[in-house]
Amino acid sequence: MTAFIIRRLLIAVPVLFLASVFTFFLVINSGDPLENLRAKPGISPQVIKNEEVRLGLDKPFVERYTNWAGDFVRGDLGTDMKNRPVWPQLWSAIKYTLRLVLIAELIAISIGLMIGIVSGVRQYSGFDYSTTFVSFLFFSLPVFWFANLLKVFGAIKFNDWLENPGISLAFAVVITAFLGGSFYLIGRKRERLRLAKPGAGLKWGGVSLGVTALVMLSAFFYFKNREYGRFVKTLGSEPRDLSDSFASRLWSYVGHGVLPVIVLFTISYAGYSRYMRASMLEQLSADHVRTARAKGLSETRVIMRHAFRNALIPIATIATLSWGGLIAGAVITERVFAWNGMGDFFLDSLSNPTPDPNRLLAFVMITATFTILFNIVADIIYAVLDPRIRLG
Amino acid sequence: MTETLLQVRDLAVDFPTDDGVVRAVRGVSFDLRRGEVLGIVGESGCGKSVTNLAIMGLLPKTAQVSGSVRIGMEEIVGRYPNEMRDIRGKRIAMIFQDPMTSLNPVYTVGWQLVETIRAHRKTKKAEARSRAVDLLRLVGIPNPEDRFDSYPHEFSGGMRQRVVIAMAIANDPEVLIADEPTTALDVTVQAQILDTLQRIRRETGTAIIFITHDLGVLAGIADRLLVMYAGRVVESGGIEEVFDDPQMPYTIGLLGAIPGEDSHGRRLNQIKGAPPSLMRVQDACQFAPRCPLAVAACTASEPAPVAPSMIHGVACHRAAEIAAMSDKRSIFQREEVV
Ligand SMILES: Nc1ncnc2c1ncn2[C@@H]1O[C@H](COP(=O)(O)OP(=O)(O)O)[C@@H](O)[C@H]1O
Ligand SMILES: [Mg+2]
């Protein structure tokens, strides 16, 4: 295990080296960083000369690269065009991105796996068809459009409602009837398929009707004459006033995070649920699962301890590999909701107003490192989950 | 007469598919008595596995099962899946064909054995463990203490099949169904597995249904024989009666395919052609197109199914004539090898 990790880390060195040379070459040739300065009227040649020396523009490629690489190896990411150190900016961007992406991914994985398991177990059921439909819908949503739609309906309209909340009796009745009816139909269907005891339709329908009616009724009275602030935020990542109480700051964090998390969730969820479904289907028809049933295990145990446990092996690999790329940020989402994360950092470095070599290099190196690390982690998880795999 | 453990009556299994209904099993009836070994033989696709999966309640949800299967007093057909739990693995256990895939690769064999034991009996972990080691020893795994913590991929095919057998007998089932347990194994390993099954039968008294497409395998182990063709039982009886006095041309053909002393220097006689499609089943003897003795009556109606009460039953319109024949094997042509 240790030998494996050491070897993989050693292999990472030439990979990072090549990545940095390549990026350096591209960045250096992607435009003149002093273009704007030169175009300014009344700038003395001496000023421009000084800037060229500071940025190393007067030196040849190899020398510039070795200077940068020497600093990098010592842990110094240098300064940006405006002479500010790169690392603090990068670190802050990483924190924002991780906060957003980690939460969204964790939710997407948990819900995606659960939905995937159930739709695999109940292949071709109504549940399976509807979740498949939702997955493909999410999959094909244009992020930019969806994010802006969320701003309108998830934030502005919802906040309007929160300022004067209340539900109408008609709404309560429709929802109650809908839920009660659906559960009645589901119960009947399961009776017919002999998955539930006779009478399940009436029982389920009745119970869900009762519960929903109760919830709706209490909501009806609860929302009367109340008022909440404009809770869901459309821009920024944190409360402006840090002197507020802890609870209200926490709520503010939630209000800022909720929409971008929803957007990122929809992007990832579809993939996880589809992979999980496919993997479950494969396992459920496997011989060893039939053996497990033949042994007289409970269906829950067959599904969780045998089918799901084995179906997890490919999923863990896929998930870990995709996590390696997440640090690169969610460019569109961060832009739309004005989060200063990695995606934003990258866009800024590309054209602010000209490419910023040190920032870009720092970005590439950190994402490459993460990708490599998560590849190693993926292999380790794979070996942990599957005893047939030996690390070596 | 000894007590009947398992009673199968008019068992039929249909699979609706996009191309039509596959009638995999059509009216199979038989009895299994305590301690007996019943061989079920027939070509691939004749419904042996489907019959036995129906007994286990392990058919896919699409399968339509009718008829009756009783273990003791309990009816199995029509049970809810969760009501099959106290029967599966406890009263009836099953061994499958491919030992390479029938164990879960991510758990140790010991874990899988303990799980099986504890599925049916409240047992302490340590107790279950020692029982598991005993079982591994019983099925002939060397150093069972050490092998307890090995994963399936660390075993050979034959050893894995022994583990599968150990799991099947873990809860002292009354009936053990072995579905072609040796088909995927080398000949030498086959013989060892057969030995192991024999020994288990002697030591535990379990009744065994032994499924195979190879009549030769049954000679040493079965007490009674059920010959299946195209989803039906076409001949049944004590192994000696059927071997010495086969009365259904299909059985005669199968027997002719076993190499014997007199077959030296000759080509084995074989049944020509392929089994019929189970999608469009005609009211006729299903074997008629391949039968050298077929007459008009054979294509006019299907012979009545074999009644389980008969000591030697045959589903053939010409059974009486065949019984009177002297050299039955000659009905299939034999080619001399030049
Ligand atoms: N799930 C299924 N759907 C449709 N047809 C099936 C299914 N399972 C088995 N069959 C058909 O039933 C017939 C009997 O199969 P089986 O019992 O497995 O044969 P065997 O005697 O070789 O064990 C075959 O023709 C097979 O194609
Ligand atoms: Mg079979």
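Cut-offs used in this document
Note on numbering: residues in each chain are counted from 1, in written sequence order. Chain letters start at A and ligand numbers start at 1, both assigned in the order the entries are written. Predicted model: local features are reported for residues with pLDDT of at least 70 only, side-chain atom pairs are reported and counted for 80 or more only, and whole-chain, interface and lining totals are derived from all residues. Excluding hydrogens and water, the side-chain values take into account all heavy atoms of the structure. Should DSSP find at least two bridges between two strands, the strands are regarded as paired. In this text, helices come from DSSP runs of H or I with a minimum length of four residues, and strands from runs of E with a minimum of two, each type numbered from the N-terminal end. Note on definitions: a residue-residue contact is assigned when non-hydrogen atoms from the two residues lie within 4.5 Å. Each of two parts loses accessible area, computed with a 1.4 Å probe, when they are put together; buried area is these two losses added. Salt bridge, as applied in this entry: a Lys or Arg side-chain nitrogen positioned within 4 Å of an Asp or Glu carboxyl oxygen. Identification of polar contacts relies on pairs of N or O atoms within 3.5 Å, with a donor-acceptor requirement for protein atoms, meaning one able to donate a hydrogen and the other able to accept it, and with residues adjacent in sequence counted only if both atoms are side-chain atoms. Axis lines are fitted to C-alpha atoms, over the contacting stretch for helices. Their N-to-C directions set the angle, which ranges from 0 to 180 degrees. An angle counts as roughly parallel when it lies under 35 degrees, as roughly antiparallel when it exceeds 145, as roughly perpendicular when it falls between 65 and 115, and as oblique in every other case. Here is the rule for handedness: rotate from the far helix to the near one, and if that takes an anticlockwise turn smaller than a right angle the crossing is left-handed, while a clockwise turn gives right-handed. Polar here means any residue outside two lists: the nonpolar Ala, Val, Leu, Ile, Met, Phe, Trp, Tyr, Cys and Pro, and the charged Asp, Glu, Lys and Arg; Gly therefore counts as polar. Throughout the structure description, domain borders are defined by an automatic or database domain assignment. A helix is expected to span 1.5 Å for every residue after the first. We call a residue buried when its accessible area falls under 20% of the maximum for its residue type, exposed when it is over 50%, and partly exposed in between, using a 1.4 Å probe and counting protein chains only. Whether a residue is near a molecule or strand depends on its heavy atoms: if one lies within 4 Å, it is near. Calculation of accessible area relied on Shrake-Rupley with a 1.4 Å probe; when residues are assessed, cover is drawn exclusively from the protein chains displayed. For Phe, Tyr and Trp, rings pair up if their centres lie within 6.5 Å, where Trp contributes its six-membered ring, and each pair is then called stacked (planes under 30 degrees apart), edge-to-face (over 60) or tilted (otherwise). Nonpolar core, defined: a set of buried Ala, Val, Leu, Ile, Met, Phe, Trp, Tyr and Cys residues in which side-chain atoms within 4.5 Å join the residues together.

## Points about the pairing of strand S1 (residues 4–17) of chain B
Residues in a regular strand project their side chains so that they alternate between the two faces of the sheet. Residue and element names in this part refer to chain B. In this structure, S1 lies alongside strand S2 (residues 20–33), joined through 11 bridges in antiparallel fashion. What sits directly across from Thr4, in S2, is Arg33. Hairpin connection from S1 to S2: 2 residues lie between these consecutive antiparallel strands. Pairing of S1 with strand S4 (residues 64–71) involves 7 bridges; the strand directions are antiparallel. Within S4, the residue paired with Gln7 across the bridge is Arg70.

## Some thoughts on the interface of chain B and chain A
If you look at the interface, chain B gives 29 residues, while chain A gives 25 residues. Note on chain B versus chain A: buried area summed over both sides is about 2500 Å², and carbon and sulfur give 56% of it. It is B:Tyr80, B:Val106 and B:Glu115 that lose the most area in chain B upon contact with chain A, and together they represent 23% of the buried surface on that side. Taken together, the links from chain B to chain A amount to 2 salt bridges. Here B:Glu115 and A:Arg301 are joined by a salt bridge, their closest N and O atoms 2.7 Å apart. Run the count over chain B and chain A and you get 14 residue pairs in polar contact (both at pLDDT 80 or more). Only helix H1 (48–56) and helix H2 (109–120) of chain B provide two or more residues apiece to the side of chain B that touches chain A.

## Some words on the packing of H2(B) against helix H5 (residues 157–168) of chain B
Residue and element names in this part refer to chain B. Between H2 and H5, the shortest axis-to-axis distance is 9 Å and the interhelical angle comes to 20°. Considered as vectors, H2 and H5 are oriented roughly parallel to each other. Judged by the twist between their axes, the crossing of H2 over H5 is right-handed. Residue-level inspection shows Val109, Gln112, Leu113 and Thr116 of H2 in contact with H5, the latter providing Val163, Ala166 and Met167. Partitioning the contact of H2 with H5 into residue classes produces 5 nonpolar, 2 polar and no charged.

## Examining the sheet that holds strand S7 (residues 175–179) of chain B
All names here are of chain B. Spatially, S6-S7-S8-S3-S9-S10-S11 is the arrangement adopted by the 7 strands of the open sheet, whose pairing is mixed. In the strand order of this sheet, the two ends are held by strand S6 (92–95) and strand S11 (312–314), each with one partner. Strand-to-strand twist in this sheet, taken as the mean axis angle between neighbours without regard to direction, amounts to 20°. As paired elements, strand S9 (residues 224–229) and strand S10 (residues 232–238) share 6 bridges and run antiparallel to each other. Across the sheet, residue Met228 finds its bridge partner in S10, namely Val233. Where H1 meets the sheet, its contacts fall on strand S3 (37–41), S6, S7, strand S8 (207–212) and S9, and the angle it forms with S6 comes to roughly 145°. In the packing of helix H6 (residues 187–204) onto the sheet, contacts are made with S3, S6, S7 and S8, and the angle to S8 comes to roughly 160°.

## Observations regarding the sheet that holds S2(B)
All names here are of chain B. Here we have 4 strands laid out as an open sheet, ordered S2-S1-S4-S5, and antiparallel in their pairing. Taken across any chain shown, the strands that pair with only one partner, and hence form the sheet edges, are S2 and strand S5 (74–75). Helix-sheet contacts for H1 involve S1, S2 and S4, and the interaxial angle to S1 is about 110°.

## Description of the pattern of salt bridges
Pairing between side chains becomes possible if they bear opposite charge and their charged atoms approach one another. All names here are of chain B. Under the definition given, this model contains 32 salt bridges over all chains. Note that Arg201 is salt-bridged to Asp223, the shortest N-O span being 2.6 Å. Separated by 22 residues along the polypeptide, Arg201 in helix H6 and Asp223 in the loop between helix H7 (215–218) and S9 bring together distant segments of the chain. Salt bridges sharing common partners tie together Glu74, Arg79, Arg91 and Glu174.

## Looking at the domain arrangement of chain B
Residues and elements named next belong to chain B. The domain boundaries assigned to chain B delineate domain 1 (4–222) and domain 2 (226–333). If you average the C-alpha positions of domain 1 and of domain 2, the two centres end up 28 Å apart. Counting from both sides, the interface comprises 31 residues of domain 1 and, opposite them, 24 residues of domain 2. Counting each side, the surface lost to burial between domain 1 and domain 2 is near 2200 Å², with a carbon and sulfur contribution of 61%. It is Arg26, Glu43 and Leu215 in domain 1 that bury the most area against domain 2; as a group they hold 32% of the surface buried on that side.

## Focus on H5(B)
The periodicity of an α-helix, 3.6 residues per turn, causes residues three or four positions apart to be oriented the same way. Along its 12 residues, H5(B) runs 16 Å from first to last C-alpha, staying within 8% of the 16 Å computed at 1.5 Å per residue. Here H5(B) lies mainly inside the structure; 11 of its 12 residues are buried. Within H5(B) the residues assigned to the buried category are B:Gly157, B:Gly158, B:Arg160, B:Gln161, B:Arg162, B:Val163, B:Val164, B:Ile165, B:Ala166, B:Met167 and B:Ala168. Turning to H5(B), the residues buried within the fold contact helix H11 (287–294) of chain A together with S6, H2, helix H3 (125–138), S7 and H6 of chain B.

## Concerning the site of ligand 1
Residues and elements named next belong to chain B. By nearness alone, every residue bordering ligand 1 is listed as Phe15, Ala24, Glu43, Ser44, Gly45, Cys46, Gly47, Lys48, Ser49, Val50, Pro60 and Leu278. A distance of 2.9 Å is found between an oxygen atom of ligand 1 and a backbone nitrogen or oxygen belonging to Lys48. Between ligand 1 and the protein, one listed contact pairs an oxygen atom with a side-chain N or O atom of Ser49 at 2.6 Å. Relative to its unbound accessible surface of 560 Å², ligand 1 loses 66% to contact with the protein. Split by residue class, the shell around ligand 1 holds 6 nonpolar, 4 polar and 2 charged.

## A few points about the packing of aromatic side chains
Residues and elements named next belong to chain A. Scanning all chains against the criterion turns up 23 aromatic pairs over all chains. Taking the centre distance of 6.2 Å and the plane angle of 85° together, the rings of Tyr96 and Trp339 count as edge-to-face. Note that Tyr96 is positioned in helix H5 (residues 86–121) and Trp339 in the loop between helix H13 (331–336) and helix H14 (342–350), a separation of 243 residues in sequence. The same class applies to Tyr96 as to Trp339, namely buried.

## A few points about the nonpolar core
Residue and element names in this part refer to chain B. Grouped together as the largest cluster of nonpolar side chains are 67 residues, with contacts concentrated most on Ile95, Leu176, Phe210, Leu218, Leu225, Tyr250 and Phe287. Per-element tally for this core: the top contributor is H5, with 6 residues. Viewed by domain, this core spans two of them, domain 1 (4–222) and domain 2 (226–333), each represented by three or more residues. Among all residues touching Leu176, those that are not within four sequence positions of it are Ala93, Ile95, Ala168, Ile169, Leu197, Thr206, Ala207, Ile208 and Ile209.

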